[in-house]
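Descriptive analysis of the structure
Read off the chains here:
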Amino acid sequence: MDILERVLGSPEKRTEYQDFINRYDQGSPYETINDREAVDRYQQVTPELSRDQYRDSAAEAFGRLSPQERAEFSQWLRTRANAQGVQVPDYDLNDDGIDDRAQQDPGELAEMTTRVREQDPSIFEQILGKGGTGGAFDNPIAKIAVAGIAAMAASKLMGARR
């Protein structure tokens, strides 16, 4: 059984994932993807990914964010991860309160996110409210990021089978 079969399983499940990917591709998932679905898809897909698959999926998802959204997500992730005892590098290179490298380079933010995941694989469940504080998504950019990583990973898994 390969990753696709373990994660996506039945043809019905694949259809559900394709719908999820399509809704993500249509634009901002603020309204078409709810918090629970974003977290569920993330939790279903990402545990099966290698480091490189995860990082590549995150880089694609973050590439769809504006520089301001990347900076906001980077700040949110750093604050939440540090509160959980996971150290995240500070990318504010000129002390202006903006995460410079993460803001300009989706790959840099993807690498930061991947390192956080490596330090504590359950970190997103913790900081998204499952055992953490603040509820599921106190920041809409976090939902977009989580949904994006899941959608990009599922898309890659499904594309490998076509």
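Look up: the structure comes first, before these words.
Summarised in this report is the structure supplied together with it.

Parameters and conventions
Residues numbered from 1 in each chain as written. Predicted model: local features only at pLDDT ≥ 70, side-chain atom pairs only at ≥ 80, totals over all residues. Heavy atoms only, no water. Core = buried A, V, L, I, M, F, W, Y, C linked by side-chain atoms within 4.5 Å. Buried < 20%, exposed > 50% of the residue type's maximum accessible area, 1.4 Å probe, protein only. Helix = DSSP H or I, 4+ residues; strand = E, 2+ residues; numbered from the N terminus. Contact = heavy atoms within 4.5 Å. Salt bridge = Lys/Arg side-chain N within 4 Å of Asp/Glu carboxyl O. Polar contact = N/O pair within 3.5 Å; in protein donor to acceptor, adjacent residues only side chain to side chain. Phe/Tyr/Trp six-rings, centres within 6.5 Å; stacked < 30°, edge-to-face > 60°. Lys NZ or Arg CZ within 6 Å of the ring centre and 35° of its normal.

Focus on the nonpolar core
In this structure, Phe-62 and Phe-73 are the most contacted members of the largest nonpolar core, which totals 42 residues. In terms of residue count, helix H9 (residues 140-159) provides more of this core than any other element does, 14 residues in total. Ignoring any residue separated from it by four or fewer positions in sequence, one finds Phe-62 in contact with Arg-70, Phe-73, Pro-106, Leu-109, Ala-110, Thr-113, Ala-145 and Ile-149.

Some words on the pattern of salt bridges
The final tally for this structure, using the stated rule, is 12 salt bridges. Of the charged contacts in the structure, one is a salt bridge between Arg-23 and Asp-19, with a shortest N-O distance of 2.9 Å. Here the residue Arg-23 and the residue Asp-19 both occupy positions in helix H2 (residues 11-25), the gap between them amounting to 4 residues, near one helical turn. Each of Glu-16, Asp-19, Arg-23, Glu-37 and Arg-41 takes part in a single network of salt bridges with overlapping partners.

Details of helix H3 (residues 35-45)
What sets the pattern is the α-helix's 3.6 residues per turn: residues three or four places apart point alike. Every buried residue belonging to H3 is among Glu-37, Ala-38, Val-39, Arg-41, Tyr-42 and Val-45, and all of these are buried. Two or three places before Arg-36, at the opening of H3, Asn-34 has a side-chain oxygen 3.1 Å from that residue's backbone nitrogen.

Looking at the packing of aromatic side chains
What characterises a pair of aromatic rings is the spacing of the ring centres plus the angle enclosed by the ring planes. The full count for this structure, using the stated rule, is 3 aromatic pairs. Pairing Phe-62 with Phe-73 gives two aromatic rings, centres 5.3 Å apart and planes at 40°, and the pair type is tilted. Here the residue Phe-62 occupies a position in helix H4 (residues 51-63), and Phe-73 occupies one in helix H5 (residues 67-83), the gap between them amounting to 11 residues. Like Phe-62, the residue Phe-73 is buried in the burial classification. On the numbers, 5.8 Å between centres and 25° between planes, the contact of Phe-73 with Trp-76 is stacked. One end of the pair, Phe-73, and the other, Trp-76, are both in helix H5, 3 residues apart, so they sit about a helical turn from each other. The same class applies to Phe-73 as to Trp-76, namely buried. Ring pairing ties together the aromatic residues Phe-62, Phe-73 and Trp-76, which thus form one cluster. Against the face of Tyr-17 rests Arg-41, its NZ or CZ located 4.5 Å from the ring centre.

Overview of the side chain of Ser-57
Its location among the elements puts Ser-57 in helix H4. Of the polar contacts made by the side chain of Ser-57, one reaches the backbone nitrogen of Ala-153; its length is 3.4 Å. Excluding residues within four positions of it along the chain, Ser-57 makes contact with Ile-149, Met-152, Ala-153 and Lys-156.

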